[in-house]
Amino acid sequence: MVARTGSVNRRLHRTGQSSGAACVWRFPADTVLYPAAIESLRRSVPLMNDSPFSAGVARIDITPPVGVDLTGGAFGPSRGVLHPLWAKAVVLRRPEASVLLVVCDLLGIDEQRSDDLRRAIAGATGLAFERIMLACTHTHGAPATVPLRNWGRVDPDYMSTLCDRLVRVAEDAVRAAAPARLAHGQIACPGVAINRCLGERGVVDDVLGVMRLDDATGRAMAVVISFACHPVNLHSAGVFTPDFPHFAERAIQAGLGLNIPVLFLSGAGGDLNPSNFTNQTPSEPNARQTGELIAAKALERLGEMRSVVPDRLSAAAMPIDLPLRPLPDAQTLRATAEEAGQRLETITDRSPTNWTYAGVKTRMEWALEALELVEQGGVPDRRTLILQGFALDDLAVVGIGGELFAEYGQAVRRSGVFEHIMIATQANASVGYLFSPEALAMERYEAVACPRYLGVDSFTGDCGSLVRDGAIALLRQLAG
Ligand SMILES: [Zn+2]
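Going along each chain's sequence as written, the residues are numbered from 1 onward. Reporting in this predicted model follows two pLDDT cut-offs: at least 70 for local features of residues, and 80 or more for side-chain atom pairs to be given and counted; totals over whole chains, interfaces and linings ignore these cut-offs and use all residues.

S.K.: Could you give me a rundown of the pairing of strand S18 (residues 395–400), with the residues and numbers involved?
M.R.: Any residue surrounded by 20 or more other C-beta atoms within 10 Å of its C-beta is treated as buried, while 12 or fewer makes it exposed and the intermediate range makes it partly exposed; C-beta atoms here are placed from the backbone. A run of DSSP states H or I qualifies as a helix once it reaches four residues; a run of E qualifies as a strand once it reaches two. Both are numbered from the N-terminal end. Extensive coverage of S18 is indicated by the burial of 6 of its 6 residues. DSSP-based pairing: two strands are paired if at least 2 bridges between them are found. Sheet topology note: the strand S17 (residues 382–392)/S18 ladder contains 5 bridges and is antiparallel. Residue Gln 388 lies in a different strand from S18, and its bridge partner there is Gly 399. The antiparallel pairing of S17 with S18 creates a hairpin that spans 2 residues between the two strands, and Asp 393 there sits at a positive phi of about 50 degrees.

Put into structure tokens, the structure is as follows:
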């Protein structure tokens, strides 16, 4: 039911020819500079000194070779490419600051790898490390780029290729920088997402954030949208795909009549899924529906937004400390490891797509690693997360390196520090869910099982509210 296609390394231009699959046109694995940006660059060179604000846009294909492990679940090695994965870069410049936003069609990147990539980009472009925001869309049709036990091996060759491509796309965006204008707004997009933790009782933050960069003549160069919802409609399809953001981008491009990049920021949707999502059943029509519903609202808002030359660009980062739950005692951990070990013996299907096997093996490995730490004298009682943000006039973008629950993201958006606040989760780190005390009390996957895939320790029930408070403090700093 899905296209099985060649890898980017084979540079196929037309793929998806397997029986029953729709044809998928692929771009070559080269950066595409947008005609509008190039045109504007040529046309506006003499204006450079007159315009205090400039922006540059570029994109590059980051689809790995088929066979590289998928992540975000027990999905095993990829079997094909349904849609290419992209990294898209936008540089924003004013005399007082420069900011680079890079958004990748990936699940997330852990802090160490993300730091390495940002450092490489900073070295190549001369931009300050702390002004580079590297965010992921959180698609579950992506290669392993964050270590998750038994949910895909991070391929060092792919990471090296990714680094080269991100450096290139950043350099291209910087090179394309030309006088620009900014427009932004928000619009309700109801019915698209549901709260998977608390159902009807749970918060759904259905406000879609929309930002557009125009060139000096008013022609759109790029659109950035932020929406709180897990990209999981094609979860477990076994193929590379950006999921519904792919369809949102295509529909926005079609609506504008411009082949410009649409950057999807994964809003605070840690506990939100598409309302048409059916567990374990990947659905291309459902992904299309989700993407097109979002695109329709984005287009509605885009049509009303008038661009201006922003008067102010500020950027800031803020570390916050998140307390960690104490580990169980040695006796409990030994018993957990033993119980999981015995259960593992009884499982005969040990394929990488057997969720039960991956889950039990993870519990055993986690207990053994935790036991070792407890026997060595314990674990830290807190972990630092660095929040990052930038603001242009009355619009702010906040980057958070984890999956913030909707109620906290909504509170940040409604804080009133800026007229319009867009959230990018999975930015510069991927520490797991930033949940509520209720999720912990209910022993939900996000609070109890997921941390064991990521590592050993886990946050306390106030992690979500601490991130909310930290993000609001960061916004105040940005507002100066
Ligand atoms: Zn998630």
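What follows continues from the structure just given.
S.K.: Lay out unusual backbone geometry in plain terms, naming residues and giving numbers.
M.R.: Not every positive phi belongs to a glycine, and Asp 393 is a case in point at roughly 50 degrees. The topology assignment puts Asp 393 in the loop between S17 and S18.

S.K.: Give a detailed account of the packing of helix H8 (residues 406–413) against helix H11 (residues 463–479), specifying residues and quantitative values.
M.R.: Put simply, H8 and H11 touch, their axes get as near as 9 Å, and they point 15 degrees apart. By the angle class used here, H8 and H11 are roughly parallel. Remark: the crossing between H8 and H11 carries right-handed chirality. Facing Tyr 408, Ala 411 and Val 412 of H8, the residues of H11 in contact are Gly 464, Ser 465, Val 467, Arg 468, Ala 471 and Ile 472. Helix axes use the C-alpha atoms of the stretch in contact, all axes being lines fitted to C-alpha atoms, and the angles between their N-to-C directions lie in the range 0 to 180 degrees. By the definition adopted for this analysis, an angle is roughly parallel if under 35 degrees, roughly antiparallel if over 145, roughly perpendicular if from 65 to 115, and oblique otherwise. The crossing is said to be left-handed when, going from far helix to near helix, the turn is anticlockwise and less than a right angle, and right-handed when the turn is clockwise. By the convention adopted here, residues are in contact when the distance between their C-beta atoms, placed from the backbone, does not exceed 7 Å.

S.K.: Could you give an account of the environment of Ala 358, naming the residues involved and the relevant values?
M.R.: Within the element layout of this structure, Ala 358 appears in helix H7 (residues 355–375). Judged by local crowding, Ala 358 falls into the buried class, with 23 C-beta atoms found within 10 Å. Considered as a pair, Ala 358 and Trp 151 are 207 residues apart in the sequence and their alpha carbons are 7.3 Å apart. Those residues in contact with Ala 358 that lie beyond four places of it in its chain are Ala 74, Asn 150 and Trp 151.

S.K.: Describe the nonpolar core, naming the residues involved and giving the relevant values.
M.R.: Joined through C-beta atoms within 7 Å, a set of buried Ala, Val, Leu, Ile, Met, Phe, Trp, Tyr and Cys residues constitutes a nonpolar core. Val 90, Leu 100, Val 102, Ala 173, Ile 225 and Val 398 are the most contacted members of the largest nonpolar core, which totals 137 residues. The biggest single contributor to this core is strand S12 (residues 220–227), with 7 residues. When residues no more than four places from it in sequence are discounted, the contact partners of Leu 100 are Ala 89, Val 91, Ile 121, Leu 127, Arg 131, Ile 132, Ala 170 and Ala 173. Counting 9 residues, the second-largest nonpolar core is a separate cluster that includes Leu 327, Met 364, Leu 371 and Val 374.

S.K.: Tell me about the sheet that holds S18, and name the residues and values.
M.R.: Spatially, 4 strands are ordered S16-S17-S18-S20 in an open sheet, and the strand pairing comes out mixed. Single-partner strands in this sheet number two, and they are strand S16 (313–323) and strand S20 (420–425). Between one strand axis and the next, the sheet turns by 20 degrees as a mean value, whatever way the strands run. Alignment of S18 against S20, held across 6 bridges, turns out to be parallel. Across the sheet, residue Gly 399 finds its bridge partner in S20, namely Ala 424. On the sheet, H8 packs against S18 and S20 and is oriented at approximately 145 degrees with respect to S20. Of the strands in this sheet, S16, S17, S18 and S20 touch H11, which is tilted by about 155 degrees from S16.

S.K.: Kindly report on the confidence of the model for the chain, identifying the contributing residues and their values.
M.R.: What pLDDT reports is the predictor's confidence in each residue, on a scale of 0 through 100. For the chain, per-residue confidence averages 90 on the pLDDT scale, and residues scoring 70 or more make up 90% of the total. In the model, residues 1–48 has pLDDT below 50 throughout and makes 91 contacts with residues more than four positions away in sequence or in other chains.

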